[in-house]
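# Structure at a glance
Here's the letter readout for the chains.
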Amino acid sequence: MEFNQYQELARSTAIYPAEYGLVYTALGLAGESGEVAEKVKKLIRDGDDKSGNFEDAVASELGDVLWYLANLASEIGMTLEEIAILNTQKLQDRKARGVLKGSGDDR
């Protein structure tokens, strides 16, 4: 599946008040990302996942992250493909300038 195909499908399942779309999707993305982090934290705390469901559980949460990401992109009028291209360009530029390490948005 292509990025933009997924984004269109995700958009077709989006049910939230249009006037709150930006806030709703941003908060949802933060929440679902937190759920991924929680699963990893618990794996560290508890050791091996004896149920064998860790990967499936994380994959499920990552799917939710992707859904919110796709809909947030739509809310700002961009496609996931455009965002991927912009991000790749930014990273290649940083690599070429030797500033992949470090901090700050404008390095």
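Residues numbered from 1 in each chain as written. Predicted model: local features only at pLDDT ≥ 70, side-chain atom pairs only at ≥ 80, totals over all residues. Heavy atoms only, no water.

### As for the overall build of the protein
Helix and strand counts for the protein come out as 4 helices and 0 strands. In summary, the protein has a C-alpha radius of gyration of 17 Å against a globular reference of 13 Å for 107 residues, an excess of more than 25%. With respect to the three principal axes, the spread of C-alpha positions in the protein is 40 × 40 × 25 Å. The burial tally for the protein puts 20% of its 107 residues in the buried class. (Helix = DSSP H or I, 4+ residues; strand = E, 2+ residues; numbered from the N terminus. Rg over C-alpha atoms; globule rule 2.2 N^0.38 Å. Buried < 20%, exposed > 50% of the residue type's maximum accessible area, 1.4 Å probe, protein only.)

### Section: a negative patch on the surface
Side chains of Asp-48, Asp-49, Glu-55 and Asp-56 sit close together on the surface and give a patch of like negative charge. The class for Asp-49 is partly exposed, based on a relative accessible area of 31%. (Patch = residues over 30% accessible without salt bridge, like charges linked within 9 Å, V, L, I, M, F, W, Y side chains within 5 Å. Areas by Shrake-Rupley, 256 points an atom, 1.4 Å probe, with all protein chains shown as cover. Salt bridge = Lys/Arg side-chain N within 4 Å of Asp/Glu carboxyl O. Lys, Arg positive; Asp, Glu negative; His and termini not counted. Charge placed at Lys NZ, Arg CZ, Asp CG, Glu CD.)

### Focus on the packing of aromatic side chains
Taken as a whole, this structure holds 3 aromatic pairs when the rule is applied. Taking the centre distance of 4.8 Å and the plane angle of 20° together, the rings of Tyr-16 and Tyr-24 count as stacked. By relative accessible area, Tyr-24 is classed as partly exposed at 34%. Both rings, one in Tyr-24 and one in Tyr-68, keep their centres 6.1 Å apart while their planes meet at 45°; by these two values the pair is tilted. (Phe/Tyr/Trp six-rings, centres within 6.5 Å; stacked < 30°, edge-to-face > 60°.)

### Things to note about the environment of Lys-90
Among the secondary structure elements, Lys-90 is positioned in helix 4 (residues 80-96). Placed 62 residues apart in sequence, Lys-90 and Gly-28 show a C-alpha to C-alpha distance of 26 Å.

### Thoughts on the nonpolar core
Counting residues in hydrophobic clusters, the biggest one holds 13 residues, and the most contacted among them are Tyr-6, Ala-10, Leu-29, Trp-67, Ala-70 and Leu-80. Every element with two or more residues in this core is listed here: helix 1 (3-12), helix 2 (21-46) and helix 3 (54-75). Sorting elements by how many residues they give to this core places helix 3 first, with 7 residues. Not counting residues within four places of it along the chain, the set of residues in contact with Ala-70 comprises Tyr-6, Gln-7, Ala-10 and Leu-80. (Core = buried A, V, L, I, M, F, W, Y, C linked by side-chain atoms within 4.5 Å. Contact = heavy atoms within 4.5 Å.)

### Concerning helix 2
Here helix 2 is 26 residues long and its end C-alpha atoms lie 37 Å apart, about the 38 Å a rise of 1.5 Å per residue gives. Taken together, the buried positions of helix 2 are occupied by Gly-21, Thr-25, Gly-28, Leu-29, Glu-32 and Val-36. Summarising the contacts, the buried residues of helix 2 are in contact with helix 3. The first or second residue beyond helix 2 is Gly-47, which carries a positive phi of 85°. (Expected span 1.5 Å × (residues − 1).)

### Notes on the packing of helix 1 against helix 4
One can describe the packing of helix 1 onto helix 4 by two numbers: an axis separation of 7 Å at closest approach and a directional angle of 135°. Here helix 1 lies oblique to helix 4, going by the angle between them. The segment helix 1 lies against helix 4, with Phe-3, Asn-4, Tyr-6 and Gln-7 engaging Leu-80, Glu-81 and Ala-84. Among the residues making up the contact of helix 1 with helix 4, the classes are represented as 4 nonpolar, 2 polar and 1 charged. (Axes fitted to C-alpha atoms, helices over the stretch in contact; angles between N-to-C directions. Parallel < 35°, antiparallel > 145°, perpendicular 65-115°, else oblique. Nonpolar A, V, L, I, M, F, W, Y, C, P; charged D, E, K, R; others polar.)

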